[in-house]
Amino acid sequence: MSSPVLARPRPQYDAADLLTAYLPGSFYYSSPRGTLLADGVHAAVAAEPGASRAEAAARALADARAAGMVDPIVAGAVGFRPDDEASLVVPALVRRAPAPDRTTAASAASAPARASRIVTPQSDLADYVEAVRKALLHIETGDIDKVVLARALDVTADAPVSVPPLLARLVHADPAAHAFAVDVTAPGDPAARTLFGASPELLISRRGRTVTVNPLAGSRPRSADDAENRRRIDDLRTAAKDRAEHELVIRQVADVLRPFCADLDVPEPEVVGTPTMWHLSTRITGTLAEPGDPASSSLALAEALHPTPAVCGVPTTTARDVIADLEPTRRGYYAGLVGWTAADGDGEWVVTIRCAEASGAAVRVHAGAGIVAGSDPDAELAETRAKFRTLLGALGVAE
């Protein structure tokens, strides 16, 4: 009598080990849901600009399963505009680890290296303030209700920038963030490009029939003084301008999700914090009506939601045109989406903010602020400066 064949158990990994194992060219993603590290390329996921990346991903996943892959995923990043580039692949190897205990303090990461680095704004501060004033004119005339305007900084080092220690600093600085690193090198690039960051904003998470979305809109910089932080939190909870801005985002996100869901819970907003900011946050949960429908996959839902008013504006098309007119630098992957989706539709995608692109000795960093009626141009500039601190702190520089 032959012995039964036992299934080989999936190897168990530790989140810290996967972070240590990350090397440029890999795909790294960590969140309260767990940590994922993917290496190699089984297949690239190609889609024409403006076409559905979710449909292309579904085809690639079906092909991967037909080729014998047991649990394939599609992982990567998609740019802000429909015609922007995307970098999506079916990885050859995927390792996963459960989320660490986030009630304990994060272990210390190494301090930024003392290297010569020069910070160069893509535009003057006065130009950003003027762009906000022009956006407010669009709002006053009724063209738009909200638009998010971003700034870009270029950081130039005296040697090639190493991404792994930067990623580690971001993970240790805010273990609750959605940290990521993605190879976004395109044909013709003179050097490898890596998109990395620590996003506080969950675009969509799907587990079986349950979907979760966590838009953020309305912000205050974090202070080093506890009493001042309490004042800013109270102000953020009650400020009419920030509540109105947040409501614009929540209304649109809920309207997009409702056709896919049998039920949808939209609670009152709360204030959540990152190491540099306070945000108005609403954690929306829903139950999918037809989880087997390809249109309900995590990537398909992410495409339906993107771009939310939290990173673009209302109405979407007009706000995107205003952004193209007023921002001097094309966003590329900034304010796009990054994450992963599995063959069963489960997965997680976040908004690509608090991020940067590294290539050789150069790093480009973006930060934006939402403009609505009542916005103060100088206050919006201060908000972008506060948001820059996440990446600039990891780089060991200041604006």
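A brief report on the enclosed structure follows. Note that this is a predicted model, so its numbers are computed, not measured. (Residues numbered from 1 in each chain as written. Predicted model: local features only at pLDDT ≥ 70, side-chain atom pairs only at ≥ 80, totals over all residues. Heavy atoms only, no water.)

1. Some points on the nonpolar core
In globular proteins that are soluble, nonpolar side chains generally tend to be buried together. Stated precisely, the cut-off is as follows: Only buried residues count toward a nonpolar core, which is a set of Ala, Val, Leu, Ile, Met, Phe, Trp, Tyr and Cys residues joined through side-chain atoms within 4.5 Å. Three labels apply to residues, based on accessible area from a 1.4 Å probe with only protein chains included: buried if under 20% of the type maximum, exposed if over 50%, partly exposed otherwise in between. What counts as a helix is a DSSP run of H or I of at least four residues, what counts as a strand is a run of E of at least two, and both are numbered from the N terminus. Contacts are assigned to residue pairs that have any heavy atoms within 4.5 Å of one another.
Membership of the largest hydrophobic core comes to 74 residues, with the highest contact counts inside it found for Phe-27, Val-45, Val-147, Leu-149, Ile-204 and Ile-371. In terms of residue count, helix α3 (residues 125–140) provides more of this core than any other element does, seven residues in total. Dropping the residues within four chain positions of it, Val-45 is found in contact with Ala-56, Ala-57, Ala-60, Val-74, Leu-88, Val-89 and Val-90. Ala-157, Phe-388, Leu-391 and Leu-392 belong to the second-largest nonpolar core, a separate cluster that totals 33 residues.

2. Describing the pattern of salt bridges
Convention followed: Salt bridges, as used here, are contacts in which a Lys or Arg side-chain nitrogen is within 4 Å of a carboxyl oxygen on Asp or Glu.
Tallied over the full model, the rule gives 27 salt bridges. Residue Asp-83 pairs with Arg-81 through a salt bridge whose shortest N-O separation is 3.6 Å. Salt-bridge contacts for Asp-242 lead to Lys-241; the nearest nitrogen and oxygen are separated by 3.9 Å. Here the salt bridges share partners, and the residues they tie into one network are Lys-146, Arg-220, Asp-235, Lys-241, Asp-242, Glu-245 and Glu-380.

3. A few points about the side chain of Thr-276
The cut-off we apply is this: Pairs of N or O atoms within 3.5 Å make up the polar contacts considered here, provided that, within protein, one atom can donate a hydrogen while the other can accept it, and that residues adjacent in sequence are counted only when both atoms are side-chain atoms.
The residue Thr-276 is located in the loop between β15 (270–273) and β16 (277–281) in this model. Residue class for Thr-276 comes out buried when judged on its relative accessible area of 8%. Among the polar contacts made by the side chain of Thr-276, one reaches the side chain of Thr-390 at a distance of 3.2 Å. With residues up to four places along the chain from it excluded, the contact list for Thr-276 reads Pro-221, Arg-222, Ala-386, Arg-389 and Thr-390.

4. A look at the pairing of strand β19 (residues 337–342)
How we decide: One requirement defines pairing of two strands: DSSP has to find at least two bridges between them.
In terms of burial, β19 is largely enclosed, as six of its six residues are buried. Covered by surrounding structure in β19 are Leu-337, Gly-339 and Thr-341 together with Val-338, Trp-340 and Ala-342, the residues of both alternating faces. Of the strand pairs in this sheet, strand β4 (residues 73–78) and β19 are connected by six bridges, and their pairing is antiparallel. Residue pairing across strands places Val-74 opposite Thr-341, the latter belonging to β19. Pairing of β19 with strand β20 (residues 347–351), which is carried by five bridges, proceeds in the antiparallel orientation. Note that in β20 the partner of Thr-341 across the bridge is Gly-347. The hairpin turn running from β19 into β20, its antiparallel successor, is four residues long, and Gly-345 in that turn takes a positive phi close to 95 degrees.

5. Structural notes on helix α5 (residues 226–238)
As a reminder, the rule being used: Expected span of a helix, by definition, is 1.5 Å for each gap between consecutive residues, and there is one gap fewer than residues. Along the arc lie the directions from the helix axis toward the C-beta atoms.
In a regular helix each residue adds 1.5 Å, so 13 residues correspond to 18 Å; α5 covers 19 Å between its end C-alpha atoms and thus fits that length. For α5, the set of buried residues is Asn-229, Ile-233 and Leu-236. For α5, the buried positions fall inside an angular range of 65 degrees around the axis, keeping them on one side. Counted as exposed and oriented over 90 degrees from the buried face of α5: Arg-230 and Thr-238.

6. Let's talk about the packing of aromatic side chains
Stated precisely, the cut-off is as follows: Aromatic contacts are taken between Phe, Tyr and Trp rings whose centres are within 6.5 Å, Trp giving its six-membered ring; a plane angle under 30 degrees counts as stacked, one over 60 as edge-to-face, and the others as tilted. The criterion for a charge sitting over a ring is simple: Lys NZ or Arg CZ within 6 Å of the ring centre, and within 35 degrees of the ring normal.
By the definition in use, this model includes one aromatic pair. Over the aromatic face of Phe-80 sits the side chain of Arg-331, whose NZ or CZ is 4.5 Å from the ring centroid.

7. Overview of the sheet that holds β20
Inclusion rule: Axis lines are fitted to C-alpha atoms, over the contacting stretch for helices. Their N-to-C directions set the angle, which ranges from 0 to 180 degrees.
Spatially, nine strands are ordered β3-β5-β4-β19-β20-β11-β12-β17-β14 in an open sheet, and the strand pairing comes out antiparallel. Since the sheet does not close on itself, it has two edges, and those belong to β3 (43–44) and β14 (261–265), each with one partner. Where strand β12 (residues 210–214) and strand β17 (residues 284–288) come together, four bridges link them in antiparallel fashion. Along β17, the bridge assignment pairs Val-211 with Gly-286. Helix-sheet contacts for helix α7 (residues 298–305) involve β11 (202–207), β12, β17, β19 and β20, and the interaxial angle to β11 is about 155 degrees.

8. Here's the deal with the packing of helix α2 (residues 53–66) against α7
Going by this rule: By the definition adopted for this analysis, an angle is roughly parallel if under 35 degrees, roughly antiparallel if over 145, roughly perpendicular if from 65 to 115, and oblique otherwise. Charged residues are taken to be Asp, Glu, Lys and Arg, nonpolar residues to be Ala, Val, Leu, Ile, Met, Phe, Trp, Tyr, Cys and Pro, and polar residues to be all remaining types, Gly included.
Contact pair α2 / α7: the axes reach a minimum separation of 8 Å and the direction vectors enclose 170 degrees. The orientation of α2 relative to α7 falls into the category roughly antiparallel. Contacts between α2 and α7 involve Arg-53, Ala-54 and Ala-57 from the former and Leu-299, Ala-300 and Glu-303 from the latter. In the contact of α2 with α7, the residues fall into four nonpolar, no polar and two charged.

9. Regarding the sheet that holds β16
Overall, antiparallel pairing links the three strands, which are arranged β13-β16-β15 in an open sheet. A single partner strand is all that each edge strand has here, and the edge strands are β13 (216–221) and β15. With direction set aside, neighbouring strand axes in the sheet form an average angle of 30 degrees. As paired strands, β15 and β16 are joined by four bridges and run antiparallel to one another. When the bridges of β16 are listed, Val-271 appears paired with Leu-280. Each of β13 and β16 touches helix α6 (residues 240–257); the most contacted strand, β13, lies at about 150 degrees to it.

10. Some remarks on empty space enclosed by the protein
The condition is simple: In this analysis the probe radius is 1.4 Å and the grid spacing 1 Å, with only protein atoms considered; a cavity is a set of points the probe fits into but cannot get out of, a pocket is an open set with protein on both sides within 12 Å along at least five of seven lines, and lining residues have an atom within 4 Å of a point. Grid points are joined across faces, edges and corners, and a volume is the space filled by probe spheres set on the points.
Summed over the entire model, instances satisfying the criterion amount to two cavities of 30 Å³ or more. Approximately 190 Å³ is the volume found for the largest cavity. Lining of the largest cavity is provided by 20 residues; of these, Glu-201, Leu-216, Ala-310, Gly-368 and Lys-387 occupy positions nearest its centre. The element that contributes the greatest number of residues to the lining of the largest cavity is β13, accounting for four residues. Partitioned by chemical class, the residues of the lining of the largest cavity number nine nonpolar, five polar and six charged. Within this model, the second largest cavity holds a volume of roughly 50 Å³. Every residue along the wall of the second largest cavity is listed here: Gln-122, Ser-123, Ala-150, Arg-151, Ala-152, Glu-327, Pro-328, Thr-329 and His-366.

Everything listed here is a matter of coordinates, which is why it stays silent on function.
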